[in-house]
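Notes for the structure review
Single-letter residue listing:
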Amino acid sequence: MGFFGKRGGRAGAVATGLAMAWLLATPASAQNDKMTPIAIPAQPNAITLNTGPLPGAANAESWHSQYGSVFARNVTVATLTPFLPDPAKATGVAVIVAPGGGFRTLSMENEGWDVAKALADKGVAAFVLKYRLNQTPADIPGFEASMKAMFSGVARAPRMDPQSAVKALEPQLADSRAAFALIRSRAAEWHVDPDRIGMVGFSAGAMLTLTTTLAVEDAKPAFIGLIYGSLAPATVPANAPPMFFALAADDPLFGNSGFGLIESWRAAKRPVEFHLYEQGGHGFGMYKKKTTSTGWFDAYASWMAMHGYMSKK
């Protein structure tokens, strides 16, 4: 699975590297918003995936509100929630949506449901993947303390060993594979072309999307979208899918890390579109901001249309 560029760091540092390299997807303008515990929202259409409970999990799933949005924590059982388009304008295309949150939480609304609704409105069947997460303290103060500790070590974080990272993402990759398998098994019911299923991910979800693309043989996304993910170079196969990438230049995590992944895709002669917005920070998602980064979704939809994914085959 040596699909990322050069190996670096130690396997023992992977858990730390993952947490530090894939921080919470939050709007830069709202860093001080308070976390408020909320009841787990009703998710009547959520389908439990067959990947089982997270091994060794002690803390149950919980949710909180922050930044005017809602987040899930301690997800121990993965689900997939369909957002199906009006049959009259359905294109037969599907997209799995993977929210971000440092593999410690999930931005379910801003980077999940809102994205899926926007896709469904354009005739694309969207499926929000609530993947299993690394365990965190059950109480909000404990969770906040764990996040502060994570942030404090960012500058000292070693370069993560990508090959070991694949192993560290075993539960999430299993959830991603199960999502693709479920959609294909019910493609006729959901009016989806099994060969036209893409994936879009945000921050940690972008890492999951990229790893699913490059390290999982049976998922085979037809196209991918990476929104404020890492730009570390990768070994890109000759059959890699078209890629859309959006990032803000002032992203505190990845804004100054070069453009290795884009260059890797181009070197492999695979289709890639890259949008570098002047401002937007990290975690802008579907938040309405006064920056041009807010236009990423329209650009992504136009890119999909250019590749024929906004119309029937």
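Computed from a predicted model, the values in this text were never measured in an experiment.

Thresholds, definitions, all that
Residues numbered from 1 in each chain as written. Predicted model: local features only at pLDDT ≥ 70, side-chain atom pairs only at ≥ 80, totals over all residues. Heavy atoms only, no water. Axes fitted to C-alpha atoms, helices over the stretch in contact; angles between N-to-C directions. Helix = DSSP H or I, 4+ residues; strand = E, 2+ residues; numbered from the N terminus. Parallel < 35°, antiparallel > 145°, perpendicular 65-115°, else oblique. Left-handed = near helix turned anticlockwise from the far one by under 90°. Contact = heavy atoms within 4.5 Å. Nonpolar A, V, L, I, M, F, W, Y, C, P; charged D, E, K, R; others polar. Pairing = 2+ DSSP bridges.

In this section: the packing of helix H5 (residues 170-185) against helix H7 (residues 204-215). Orientation of H5 relative to H7, taken along the N-to-C sense of each, is 70°, at an axis distance of 10 Å. The orientation of H5 with respect to H7, classified from their angle, is roughly perpendicular. Here H5 runs over H7; the crossing is right-handed. Residues Gln172, Leu173, Ser176 and Phe180 of H5 form the contact with H7, whose participating residues are Leu208, Thr211 and Thr212. Counted by class, the contact of H5 with H7 contains three nonpolar, four polar and no charged residues.

The subject of this paragraph is the sheet that holds strand E9 (residues 197-202). The sheet built from eight strands is open, its strands ordered E2-E5-E8-E6-E9-E10-E11-E12 with mixed pairing. Strand pairing shows two members of the sheet lacking a second neighbour, strand E2 (47-48) and strand E12 (272-277), which therefore form its edges. Summarising the sheet, E9 and strand E10 (residues 224-227) pair through four bridges and their orientation is parallel. Across the sheet, the residue bridging to Met199 is Ile224, located in E10. Docked against the sheet, H5 engages E2, strand E5 (79-83), strand E6 (94-98), strand E8 (125-130) and E9, running at close to 145° with respect to E9. Contacts from H7 reach E6, E8, E9 and E10 within the one sheet, and its direction differs from that of E9 by about 145°.

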